[in-house]
Structure formats: C-alpha cells, structure tokens
Amino acid sequence: MINTKFSLQTMTQSLKHYDSINHHYSGSFMDRPIALMLILILLPCFLINIVLALCTKRSLFSLQHKIDALSRPVILHAFSCGIWVKTAVLFDIYFGKISFCGIPLTHRLSPDIQFCVMNQIKCKAGLFSLYDLHLKTGLTIMSKEQLLEQQLNGNAADYLALIIKSFMSVIFYGQEIKKPIKKPIKNNSLSLFGLNVKNTSMAEAVDWITHSQTQPNKTQIVFFINVHSINLSISDPKFFNQLSNANALFADGSGMRLAAKKAGFLLNGNNNGTDMLPHICRSCVEKNQSLYFFGAKPGIAQQAANALCNQFPGLNITGTEHGYNEDNNSEQIIESINNSGCDILLVAMGSPVQEKWLLDHRDKLQCKTALAVGGLFDFYSGNISRSPMWLREIGMEWMWRLLQEPRDKFNRYVIGNPIFLYRTFILGLVNTGEK
C-alpha cells in the first residue's frame, strides 16, 4: 500500500484501471476483525432473529439498495424481523462488501469529483463518513468535498476515531426520528419550549442576518437559543417574554438538536454564533456591509476585531466597545454605534443581560441587525481556546468550556444540562412549552 497524498484538486485526462491504483484508504484493514468481534458479541440477538424468521416463515434477510456518493450501487442486508435488525450489515462489512468508514451513502458528488476520487484511491462505500458525522451534529464548517478529502487523507488512528465518534453520535442522536417529522409552523419556524425557533441551515441563517430586506429604521433582533437560555426562560418568565420578542431565534448546540428530535423535528443546522461569525464576516465583505462589536472585558472586542480583519481582508468593523460600562453610559454607546454606520451589531454581555439590553434599546438603534452573542469575542480574541474538533463532532463542546472555567460554568453545565434533559424527556416541556 502506498500512502500518497489524496487531493480533489488533482485532475487527470484519462481514467486509470482500478488494479493500477495503489493508494488505499487507510484503516479499512480493521473492518473484518471489528465486524467479527461485534458479530460474536451480538450472536445471541442474531440467533433470536433467525428463530423468529423461521417461526414466521419469513426470509432471513431483507435487502436495502443504495447508491454511494460515487454513483456506485450498494446492497445492505438487514434481518427481516427481530431486534436490532440493521446489525446484519456487519456481515456485509465482514465479507468486504462495504466498510465501516468510506464513501458516504447520503449524497452524490459531482461527476468531476467522482472521476477525481476513483482515479486516485481505492475506497468502498461506508456506513460512516466524516460528512455524515458533521451532518448528524449540525456542523457546517467545511463542504462535503473538503470533508471527504480530509477523511481519505486520514491514517489508521483517524479511521478508528471516526468509527468511535460515529457510534457515539448514533447513541446521542439516534439513526432517525421514529415518528413522522412535523412540518414547521410558519416562516420555516419550529415550536420548541413555547418559542418559535427558525429551522435554517447555516447559509440560510447568515442570509437572513445580512439580507437587506429589513424595514428602514427598524433593527432586527437575533438571539441564539441553547440549553442555558432555555433553562433561564423556564425559571424566569420575564426572560421567556424577552426571547419571544426577538425577530429571530436560532437553535444553538447539541442540546437543542436533541430537544427538537424529541419534539419530532429535525434541525437543518447547528446555528451557533461561534461557527456562524466567519460566515457573517465573509458575507459582509461580499455585500460591503460593516460590523460593530460591543461587550466582553476591556480590550477583548478590539482584539477579536483585529484578528477577524486579518483573517478576512476587506472586512469593515466600524468600532468596538467593552461591556463593563455603567447604565448611564448606554446613551453614549448607542450614539457611538449609530454614528459608526454599522449594518450589524454584535452584543456580548451574557444572558440575560445582553437580551434585555437589546430589547430595551432596539428603538434607538439604527443598525439593520443586532445579535446577542454571549462569549463570542473571547474565542476570536484568543482569550479562550475553542474546543478540539473531535469534541465538537460529537456535540460535547460544553465539556471543554467546563474544563477551562470549572467554577464559572459548573452551574450552567453540571447542574443545568441534567435539568434540561429532565425537562425535555421526562416533563416533555419541549412539546408543550409550559412553564
């Protein structure tokens, strides 16, 4: 096996014979031993399924026909009846028909990309892929082509890690919603905990924020809804009313994804502000729009602005102001924001302070859109490091925040997360919205 660099930028004139391609996807050699181990562990279940099939005079297996991202036909086996019927796919893996990780089965690549892949590397279709993992957790930081390139350039350790992360995502988020998916109530919104939350992809959310259709002299207020804000809204009716008065609420984090699934909805994306900001900056450069940063400790907003301007040439951040000001300075801050001529205002003072500030002063603001963004500036200033990608891929970024700030984040995560799960899955407040 030759470990050469796989690239989707490498295009050749003619298709190579399959046997002449020496580059294999690293890690696929682990498929058979892992599949055999799981088959032996699940053998009692398999025997039950076989007995049930014989007793009911059904065929042992049912077949599912799929097409992978390279337009290749794939046949997956499942038990016709019994428990954990889809685990029969382990036999497909053991006999080399499919891999644990490989080419995705959930979308189709363009013909040019298909040609490029098949001309460079031998790789079977896979139950899991980096694209599917990001899709399940709502991450939208790379395109499907970039994710495939990163996956196929991984080593054996990356292959094993992808299997583990994918299994964990199945445990946390499941394979599919069992009951029929409900339709959005209106304007592509979902009703979660009594709040109308927009069900948008990251691109749609950014387009909504930066779009120029907002009414003149009417600032559009945007809040991000996560586990913490839901807990606050249930404990404090005033904060619930504040959230309800926003022009747009976006679902932020894995907790909201779990809650939406419990309510019968499938979120189109994880619209968290930290991942969204680079998209907003890129859109502002393209549309010649400007930003203003207000909040965080002294100097943090300016550091974040400097870092983003370096990252996105042409980005116009018209001003910054820290959030440690007396209440009587609000008029001066608003005047500074308005005089800057910014299109989009980002306010980072933590919940529920930032939400209250925006709603109290929305009629005085002249920007088109204002967002409450929590600790966003701390990340982009470098003051607080972002969670490693592997934690974000399984929806556990909150653990990194807890490790960094255990005293400040203890109540929010260690106490708040179990309370949120209790309210979601035991009390069912995600469906009723009752207080």
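Parameters and conventions
- Residues numbered from 1 in each chain as written.
- Predicted model: local features only at pLDDT ≥ 70, side-chain atom pairs only at ≥ 80, totals over all residues.
- Heavy atoms only, no water.
- Helix = DSSP H or I, 4+ residues; strand = E, 2+ residues; numbered from the N terminus.
- Buried < 20%, exposed > 50% of the residue type's maximum accessible area, 1.4 Å probe, protein only.
- Contact = heavy atoms within 4.5 Å.
- Areas by Shrake-Rupley, 256 points an atom, 1.4 Å probe, with all protein chains shown as cover.
- Axes fitted to C-alpha atoms, helices over the stretch in contact; angles between N-to-C directions.
- Parallel < 35°, antiparallel > 145°, perpendicular 65-115°, else oblique.
- Left-handed = near helix turned anticlockwise from the far one by under 90°.
- Nonpolar A, V, L, I, M, F, W, Y, C, P; charged D, E, K, R; others polar.
- Phe/Tyr/Trp six-rings, centres within 6.5 Å; stacked < 30°, edge-to-face > 60°.
- Lys NZ or Arg CZ within 6 Å of the ring centre and 35° of its normal.
- Salt bridge = Lys/Arg side-chain N within 4 Å of Asp/Glu carboxyl O.
- Patch = residues over 30% accessible without salt bridge, like charges linked within 9 Å, V, L, I, M, F, W, Y side chains within 5 Å.
- Core = buried A, V, L, I, M, F, W, Y, C linked by side-chain atoms within 4.5 Å.
- Arc of directions from axis to C-beta.
- Polar contact = N/O pair within 3.5 Å; in protein donor to acceptor, adjacent residues only side chain to side chain.

Trainee: Hey, could you run me through the overall build of the protein chain in this one?
Mentor: Along its length, the protein chain carries 20 helices and 12 strands. For the protein chain, with 435 residues in total, the buried portion stands at 49%. Restricting to contacts in the protein chain with at least 6 residues of sequence separation, those with at least 24 account for 73%. Accessible surface, the protein chain: about 21500 Å² in total, of which carbon and sulfur atoms supply 56%.

Trainee: Help me out: how do you make sense of the packing of helix H9 (residues 227–235) against helix H10 (residues 237–244) in this one?
Mentor: The description of two packed helices rests on the angle between their axes and on the distance between the axes. Relative to each other, H9 and H10 sit at 125°, their axes nearing to 5 Å. With respect to their mutual orientation, H9 and H10 come out oblique. Once H9 is placed against H10, the crossing between them reads as left-handed. When H9 is examined against H10, the residues Ser229, Leu232, Ser233 and Ser235 are found in contact with a partner set consisting of Pro237, Phe239, Phe240 and Leu243. In terms of residue class, the contact of H9 with H10 is made up of 5 nonpolar, 3 polar and no charged.

Trainee: Would you take a moment to explain the packing of aromatic side chains for this structure?
Mentor: To describe a pair of aromatic rings, you give the distance between the ring centres and the angle between the ring planes. Counted according to the given criterion, the structure contains 15 aromatic pairs. Measuring from ring centre to ring centre gives 5.9 Å for Trp398 and Tyr413, while their planes differ by 35°; the resulting arrangement is tilted. Pair noted here: Trp398 is in helix H18 (residues 397–404) and Tyr413 is in helix H19 (residues 406–426), with a separation of 15 residues, a long-range link. Given a relative accessible area of 10%, Tyr413 falls into the buried group. In textbook terms, an aromatic cluster arises when at least three aromatic residues are bridged by ring pairs, as seen for Phe46, Phe61, Phe79 and Phe91. Over the ring of Tyr94 we find Arg32; its NZ or CZ atom is 4.3 Å from the centre of that ring.

Trainee: Quick question: what am I supposed to make of the pattern of salt bridges here?
Mentor: Oppositely charged side chains can form a pair if their charged atoms are brought close together. Under the counting rule described, the total for this entry stands at 11 salt bridges. Between Lys364 and Glu331 there is a salt bridge, and its shortest N-O distance comes to 2.6 Å. Of this pair, Lys364 sits in the loop between helix H15 (353–361) and strand E12 (369–372) while Glu331 is found in helix H14 (residues 330–340), placing the two residues 33 residues apart along the sequence. Taking relative accessible area as the criterion, Lys364 reaches 39% and is therefore assigned partly exposed. With its nearest N and O atoms 2.9 Å apart, the salt bridge here joins Glu405 to Arg401. Summarising the burial analysis for this pair, Glu405 and Arg401 share the class buried.

Trainee: Is there a simple way to explain a nonpolar patch on the surface in this structure?
Mentor: A contiguous nonpolar surface patch, about 490 Å² in accessible area, is contributed by Leu421, Tyr422, Phe425, Ile426 and Leu427. If you trace the backbone, Ile426 turns up in helix H19. Accessibility expressed as a relative area gives 61% for Ile426, which makes it exposed.

Trainee: How should I be thinking about unusual backbone geometry in this particular structure?
Mentor: For residues other than glycine, phi is negative in most cases, and the peptide bonds are mostly trans. Looking along the chain, the bond that leaves Ser351 and enters Pro352 is cis, with omega of 5°. For Lys57, which is not a glycine, the phi torsion comes out positive at approximately 60°. With respect to the helices, strands and loops of the structure, Lys57 is situated in the loop between helix H2 (43–55) and strand E1 (61–67). For Lys57, a relative accessible area of 77% translates into the label exposed. Phi is positive for Asn288, close to 55°, though the residue is something other than glycine. Counting through the fold element by element, Asn288 comes out in the loop between helix H12 (273–287) and strand E9 (290–295). Assessed through its relative accessible area of 70%, Asn288 is described here as exposed.

Trainee: Sorry if this is basic, but what is going on with the nonpolar core here?
Mentor: As a rule of thumb, nonpolar side chains are buried together in soluble globular proteins. Of all hydrophobic cores here, the largest spans 41 residues; its most connected members are Leu192, Phe193, Phe223, Leu345, Trp357 and Leu358. Formed by 37 residues, the second largest nonpolar core is a distinct cluster that contains Tyr25, Val74, Phe79 and Ile163.

Trainee: Looking at this model, I keep getting lost on the environment of Arg108. Mind explaining?
Mentor: Relative to the helices and strands, Arg108 is located in the loop between strand E3 (99–101) and helix H4 (111–118). Separated by 39 residues in the primary sequence, Arg108 and Ala69 have C-alpha atoms spaced 4.0 Å apart. Every residue in contact with Arg108, bar those within four places of it in the chain, is listed here: Ile67, Asp68, Ala69, Ser71, Gln114 and Lys144.

Trainee: Mind showing me how you'd approach the environment of Val222 here?
Mentor: Along the chain, Val222 turns up in strand E7 (residues 220–225). Val222 sits in the buried class, given a relative accessible area of 0%. C-alpha separation for the pair Val222 and Thr369, spaced 147 residues apart in sequence, amounts to 7.4 Å. Each residue touching Val222, except ones within four places of it in the same chain, is listed here: Trp208, Ile209, Ala248, Phe250, Thr369, Ala370, Leu371 and Ala372.

Trainee: Help me out: how do you make sense of H14 in this one?
Mentor: Three- or four-residue spacings in an α-helix give side chains the same orientation, since the helix completes a turn every 3.6 residues. Every buried residue of H14 is accounted for by Ser330, Ile333, Ile334, Ile337 and Asn338. Along H14, the residues classed as buried sweep out an arc of 130° about the axis, all on the same side. Across H14 from its buried face, at more than 90 degrees, point the exposed residues Gln332 and Asn339. Residues of H14 that are buried sit in contact with E9, strand E10 (316–321), strand E11 (344–348) and H15.

Trainee: Would you take a moment to explain the side chain of Thr210 for this structure?
Mentor: Of note, Thr210 is situated in helix H8 (residues 202–210). There is a polar contact of 2.8 Å between the side chain of Thr210 and the backbone oxygen of Val206. A polar atom in the side chain of Thr210 sits 2.9 Å from the side chain of Lys287. Among residues more than four places away in sequence, those in contact with Thr210 are Ser283, Lys287, Gln289 and Ile344.

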